[in-house]
Amino acid sequence: VLMEGILRTFIDAALDAGEIIMKYYSLPLSERGLSYKEDQSPVTRADQEANQCILDRICGASCMEQLGDYGVLAEESRDDLSRLEKDWCVIIDPLDGTKEFIAGLPEFTVNIALVYQGEPVLGVVYAPATQELFYARRGGGAFKAILPAPETRIFVSPRKTDLIAMHSRYHLDDKTKALLERHRDRFASVITAGSSLKVCRIAEGKADVYYRFGYTMEWDTCAEQLIVEEAGGFLLEGHTDRPIVYNRQDPCNRYGFYVVNCMENCLERLEINGNS
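Rules used in this analysis
Residues numbered from 1 in each chain as written. Predicted model: local features only at pLDDT ≥ 70, side-chain atom pairs only at ≥ 80, totals over all residues. Heavy atoms only, no water. Helix = DSSP H or I, 4+ residues; strand = E, 2+ residues; numbered from the N terminus. Polar contact = N/O pair within 3.5 Å; in protein donor to acceptor, adjacent residues only side chain to side chain. Phe/Tyr/Trp six-rings, centres within 6.5 Å; stacked < 30°, edge-to-face > 60°. Buried < 20%, exposed > 50% of the residue type's maximum accessible area, 1.4 Å probe, protein only. Lys NZ or Arg CZ within 6 Å of the ring centre and 35° of its normal. Salt bridge = Lys/Arg side-chain N within 4 Å of Asp/Glu carboxyl O. Contact = heavy atoms within 4.5 Å. pLDDT = per-residue confidence, 0-100.

(A) Main features of the side chain of N261. Looking at the element boundaries, N261 is found in the segment after β16 (257–260). A polar atom in the side chain of N261 sits 2.9 Å from the backbone oxygen of R159. Of note is the side chain of N261, whose polar atom sits 2.7 Å from the side chain of N265.

Structure below.
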């Protein structure tokens, strides 16, 4: 019952954040408050206000009080490392796909997850421009709704031939191109997409394989990792072939990862020193 209440809180927080994001999405780029972080990644007022909205929603929820002491790791908040001392941690990406958002493309999401002792147990991904809502609870399956329609349970595809591969619109590097070329005979098609929607497409059976070289952050992968796992698939670290562990001191996923509908479709292992 407690997890159901927290999941509902996360969904409501994602929907509220989505409203804020869409308010800015309808404005000219010059009015979205675009700036750049130290690493030159873009950030807008939509990122910041959605982040605060989610924090307010979650931190004020009675069900979260029942959870007891928990940490928070959010992209647009200062990292409070006291989270490392806690079993529970909420991991938030208030606007995944900021580059798509800036470019006027609808492939951006709100990602919220709950982790227990490093393992995702709740995950919510909401795409406000298309009103697609994905969510999962550990051991409870993965679901999708195109709002306001009710949700349906989703599963990865059974395909082992004529695979559909995904790649990132803004992170298609030479290593990814080379990998896709090496295995081109296995693919029926290759689809370009942004944000965590790539993983969600695999979870709902619309694609089968996604490889990502280079670094990402915990908030980029946590919610959708659980969603694809509960749909029957895998999101694994490139150098260990194991699920990513969360609420680490260094929240950077440094070695790449891959997502597959089944392990027979693991194309190759990523070299630990071959990632940028």
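Still more to cover.
(B) Geometry of the packing of aromatic side chains. With the rule as written, the count across this model stands at seven aromatic pairs. Ring centres of Y211 and Y258 lie 5.0 Å apart, and the angle between their planes is 10°; this geometry places the pair in the stacked category. Highlighted residues: Y211 in strand β12 (residues 209–212) and Y258 in strand β16, separated in sequence by 47 residues. Residue classification places Y258 among the buried positions, given a relative accessible area of 0%. Ring pairs connect the aromatic residues Y25, F101 and F108, which therefore count as one cluster. Sitting above the plane of the F101 ring, R32 keeps its charged end 4.9 Å from the centroid.

(C) Up close: the pattern of salt bridges. Applying the stated rule across the entire model yields 23 salt bridges. For E218, the salt bridge is made with R248, and the minimal N-O distance between the two is 3.6 Å. Highlighted residues: E218 in helix α7 (residues 218–230) and R248 in the loop between β14 (234–237) and β15 (252–253), separated in sequence by 30 residues. Exposure remark for E218: the relative accessible area of 0% places this residue in the buried category. One continuous salt-bridge network, built from bridges that share partners, spans E132, K144, R201, E204 and K206.

(D) Up close: the environment of R269. Considering the arrangement of structural elements, one finds R269 in the segment after β16. When the C-alpha positions of R269 and S62 are compared, they lie 44 Å apart, and in sequence the two are 207 residues distant. When residues no more than four places from it in sequence are discounted, the contact partners of R269 are G238, H239, T240 and D241.

(E) Region of the structure containing the confidence of the model for the protein chain. Of all residues in the protein chain, 98% attain a pLDDT of 70 or more, and the chain-wide mean is 94. With pLDDT under 50 throughout, residues 272–276 is counted as low confidence; its partners more than four residues away or in other chains account for 15 contacts.

(F) Main features of the environment of P28. Along the chain, P28 turns up in the loop between α1 (2–25) and β1 (35–36). Judged by relative accessible area, which is 43%, P28 ranks as partly exposed. C-alpha of P28 to C-alpha of F187: the two residues are 159 residues apart in sequence and 39 Å apart in space.

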